[in-house]
Amino acid sequence: MLGADSAVRLTSSEAVLIAGSAGAVDALRQLLPAVPKDARIPVVVVVHLPPNRPSLLPELFAPRCAARVREPQDKEPVSAGTIWFAPSNYHLLLERDRTFSLSVDAPVNFSRPSIDVLFESAADAFGSTLCAVLLTGANQDGSLGASAIRREGGLVIVQDPSTAEAVQMPSAAISRASPQIIASLPEIADLIHQATKAP
Amino acid sequence: MQTAEDLEIRLLLDAIFLRYHYDFRSYSPASLKRRLNVAKLQMGTTTLSGLQDLVLRDPARFAQLLQFVTVQVSDMFRDPSFFAAFREKVVPELFTYPSIRIWVAGCSSGEELYSYAILLREEGLLERTTLYATDINPEALRKAELGLYGIDRVQAFTENHRLAGGKCSLSEYYTAAYGSATFDRTLRKNVVFSDHSLATDSVFAEVQLVSCRNVLIYFDRTLQERALGLMKDSLCRRGFLGLGSKESLMFTEHASAFRDFAAGERWYQRC
Ligand SMILES: C[S@@+](CC[C@H](N)C(=O)[O-])C[C@H]1O[C@@H](n2cnc3c(N)ncnc32)[C@H](O)[C@@H]1O
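Residues numbered from 1 in each chain as written. Chains lettered and ligands numbered in written order. Predicted model: local features only at pLDDT ≥ 70, side-chain atom pairs only at ≥ 80, totals over all residues. Heavy atoms only, no water.

Notes on the sheet that holds strand β6 (residues 191-195) of chain B
Residue and element names in this part refer to chain B. Strand order in the open sheet formed by 7 strands is β6-β2-β1-β7-β8-β10-β9, with mixed pairing between adjacent strands. Only two strands of the sheet have a single neighbouring strand rather than two, namely β6 and β9 (258-262). On average, each strand axis in the sheet is tilted by 20° relative to the strand beside it, whichever way the strands run. Looking at chain direction, strand β1 (residues 100-105) and strand β7 (residues 207-212) are connected through 3 bridges and run parallel. Looking at the pairing, Val104 lines up with Ser211 of β7. (Pairing = 2+ DSSP bridges. Helix = DSSP H or I, 4+ residues; strand = E, 2+ residues; numbered from the N terminus. Axes fitted to C-alpha atoms, helices over the stretch in contact; angles between N-to-C directions.)

Below, the structure is given as C-alpha cells:
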C-alpha cells in the first residue's frame, strides 16, 4: 500500500504531527504507543479540548508511551525522543529555528489550539521533511494546514473516514488536501513506528 | 533560501520601524507571519508589498494594521490559580512596603490591571499602591482607561474571580448598563497609563512587582532577553515577577537573577 516515494518521505521526515478532534483521544491510544523510546524525531500532537482546564493528555499518555511525553514551554527546542502535546487554550506553532512558539491569538476554526495553525507553521518551518497525520474529528480544522504541507512537499496521512468516530475532519482533508495515504488506525500506527524508529 | 514572502515581511517590518518607530523585527516569526497575512486580506491587499505601500503612506492604515499585529486577547483573572498565588503568597510580602509600585507590562485593554486592582482592594493594599499600566497599542490603552467591557464577558470574569479566591461578588466592582459593564473608577485612581514598548523603550520606574503575561510569547529569544532585562532592572531587590502560564525563565540568560517563588504559577523573585 505504501509507494516507494512515500516510504522515503516517511524515513526522511524530521517531525511527525498528529492531530484530531472528536474521538481523537481514543485513536491516540492506538497510535502513540507505536513511538519508540528513543524516537529519531519529535512527535507533536494537537487535540481539540475544552479551553478552561489544563489538558490532562500528558498524564493520560505518559504511562502508555515508551517515549517521553510533555507539554512545551514557549521557545523550547523541538527535540527528538519526545511526544509533545499542545497545551489547552494556546495555539502551538513551530519556528524555523526548530523551537516551539505559543500564542493566544484568537481561536481559528473555533479552536485554540488549532490544527491549521500548527500545520501551516510547520509546513513553513520544515518544508518537505514533514509527516502529518489527521484523525477523526467533527469539524474541518486541519484541512487547510494539510494542503499547505502537501504544497511544500510533505507527507499527509489521513484516517480512513469509514474507520473514524467522526468523519467530517478526515473527509474534508481528503477532498481539500489530496493526502498521499488514507489508512486505518493500525496501519497508521505502523507508519508512525517506521517514521520514528531508529534507522 | 528566502522566499519572496520572507523578503516582503522583512521589508514591511523595516518600513514600519523607519516610518513609525514600532519595532516588530524580533517578534516570533511564525505567528507574526500569520497575523500579517490575515491583515493583508482584511485590509484589502493581495500582497504584503501592497500592504507596505498602504501603511507607509497613511498613518490611519498603520493604526489599523497595529490592531492585527498586536494581539488584543485578554481576560480578567486569566489562570485563576496564578492570581490565587498572588493573593496567598505575594500579597503578604508586599504588606511590608509602606508604598507599593506595580508595573503591568503589555496590559492590553486592562483586564489584567483591574484584576490586580480588585485583589489589592480586597486585601486593603490598593490605597497605597501605584500601578503603571503600559502597552504599545493606543487603542487598547484607551479601552483600559475606560474600564468598559461587554456584558457577555462578565460571567467568565466572575467565575475566574471566584476561583482566584475573590472575597465578594465581582458585581461589587462594576455597574451594568446598555450591554456593558463599567468598572468602578476608584479602582484606577492610582493607575498611570502609558505608551511603553518593551522592544524600544528603557526602564521607566523602580517597582516591587512586574506582571508581564502572554507578551513574551510574541517575542523571539533575543527580544525576550531584552524585555526581561528591562523588567529585571526595574525591580527592586526581592521584587516579584509574574509571567504567563506557558512562559518561564528556563531558556533565558536572566534566570540566575531570579529565584523561584511560586514557579508552578510563574511567580519569580528578584535575587
Ligand atoms: C495577548 S495580550 C496580553 C494581555 C494581558 N497581559 C493578558 O495576559 O491577558 C499581549 C499584549 O502585549 C502588547 N505588546 C505587544 N508588543 C509589545 C511591546 N513591544 N511592548 C509592550 N507591549 C507589547 C500587545 O499590544 C497586547 O496588548
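Description of the nonpolar core
Nonpolar side chains tend toward joint burial in soluble globular proteins. Formed by 80 residues in total, the largest nonpolar core has its most connected members in Leu17(A), Phe119(A), Leu198(B), Met231(B) and Leu241(B). Formed jointly, this core draws a minimum of three residues from each of two domains, domain 1 (4-69) and domain 2 (80-270) of chain B. Among residues more than four places away in sequence, those in contact with Leu17(A) are Val44(A), Leu94(A), Leu118(A), Phe119(A), Ala122(A), Leu130(A), Cys131(A), Ala132(A), Val133(A) and Ile149(A). (Core = buried A, V, L, I, M, F, W, Y, C linked by side-chain atoms within 4.5 Å. Buried < 20%, exposed > 50% of the residue type's maximum accessible area, 1.4 Å probe, protein only. Domains from an automatic or database assignment. Contact = heavy atoms within 4.5 Å.)

Observations concerning the pairing of strand β5 (residues 91-94) of chain A
Side-chain positions along a regular strand alternate between the two faces of the sheet. Taking every second residue as pointing to the same face, both faces of β5(A) are buried, with His91(A) and Leu93(A) on one and Leu92(A) and Leu94(A) on the other. Linking β5(A) to strand β6 (residues 100-103) of chain A, which pair antiparallel, is a turn of 5 residues; within it Arg98(A) sits at a positive phi near 65°.

Description of the pattern of salt bridges
Note that side chains of opposite charge can pair when their charged atoms are close. A complete count under the given rule lists 24 salt bridges over all chains for this structure. For Glu14(A), the salt bridge identified is with Arg98(A), shortest N-O distance 2.9 Å. Here Arg98(A) lies in the loop between β5 and β6 and Glu14(A) lies in the loop between α1 (4-12) and β1 (15-20), a separation of 84 residues in the sequence. Between Arg35(B) and Asp105(A) there is a salt bridge whose closest N-O contact spans 3.1 Å. Taken together, the residues Arg35(B) in helix α2 (residues 29-42) and Asp105(A) in the loop between β6 and α4 (115-126) connect one chain to another. Take Asp105(A): its relative accessible area is 11%, and that puts it in the buried class. Residues participating in the shared-partner salt-bridge network are Arg96(A), Asp124(A), Glu5(B), Asp6(B) and Lys33(B). (Salt bridge = Lys/Arg side-chain N within 4 Å of Asp/Glu carboxyl O.)

Some words on the interface of chain A and chain B
Residue-level contacts link 26 residues of chain A with 26 residues of chain B. Interface of chain A and chain B: buried area, both sides summed, is about 2,000 Å²; carbon and sulfur atoms make up 51% of it. Joining chain A to chain B, the criterion identifies 5 salt bridges. Between Glu71(A) and Lys246(B) there is a salt bridge whose closest N-O contact spans 3.0 Å. For the side of chain A that touches chain B, the secondary structure elements donating two or more residues are β5, β6 and α4 of chain A. The element contributing the most residues to the side of chain A that touches chain B is α4(A), with 5 residues. Each residue belonging to the side of chain A that touches chain B can be placed in one class, and the counts come to 11 nonpolar, 4 polar and 11 charged. (Buried area = accessible area lost by both parts, 1.4 Å probe. Nonpolar A, V, L, I, M, F, W, Y, C, P; charged D, E, K, R; others polar.)

A few points about the site of the ligand
Around the ligand there are 23 residues in total, and Tyr27(B), Ser74(B), Glu112(B), Asp135(B) and Leu198(B) lie nearest to it. The residues that come close to the ligand belong to more than one chain, namely chains A and B. Separating a nitrogen atom of the ligand from a backbone N or O atom of Leu198(B) is a distance of 2.9 Å. One nitrogen or oxygen atom from the side chain of Asn214(B) is found 3.1 Å from an oxygen atom belonging to the ligand. Here the ligand loses 98% of its free accessible area of 600 Å² to cover by the protein chains. For the shell around the ligand, the residue count by class is 9 nonpolar, 9 polar and 5 charged. (Near = heavy atom within 4 Å. Polar contact = N/O pair within 3.5 Å; in protein donor to acceptor, adjacent residues only side chain to side chain. Areas by Shrake-Rupley, 256 points an atom, 1.4 Å probe, with all protein chains shown as cover.)

With respect to the sheet that holds strand β5 (residues 180-183) of chain B
Residue and element names in this part refer to chain B. The antiparallel open sheet is built from 3 strands, whose spatial order is β3-β5-β4. The sheet terminates laterally at β3 (148-150) and β4 (174-177), the two strands that pair on one side only. Adjacent strand axes in the sheet meet at a mean angle of 25°, parallel and antiparallel pairs treated alike. Inspection of the sheet shows β4 paired to β5 by 4 bridges, in the antiparallel sense. Bridging from a neighbouring strand, Thr175 pairs with Thr182 of β5.

Focus: the domain arrangement of chain B
All names here are of chain B. Partitioning chain B into structural domains gives domain 1 (4-69) and domain 2 (80-270). Placing the centre of domain 1 and that of domain 2 at their C-alpha centroids yields a distance of 29 Å. Contact residues are listed per partner, giving 12 residues for domain 1 and 11 residues for domain 2. Counting each side, the surface lost to burial between domain 1 and domain 2 is near 970 Å², with a carbon and sulfur contribution of 52%. Applying the counting rule to domain 1 against domain 2 returns 0 salt bridges. Taken together, the links from domain 1 to domain 2 amount to 6 residue pairs in polar contact (both at pLDDT 80 or more). Contributions of two or more residues to the side of domain 1 that touches domain 2 are made by α2 and α4 (59-69). Here the side of domain 1 that touches domain 2 is composed, by residue class, of 5 nonpolar, 5 polar and 2 charged.

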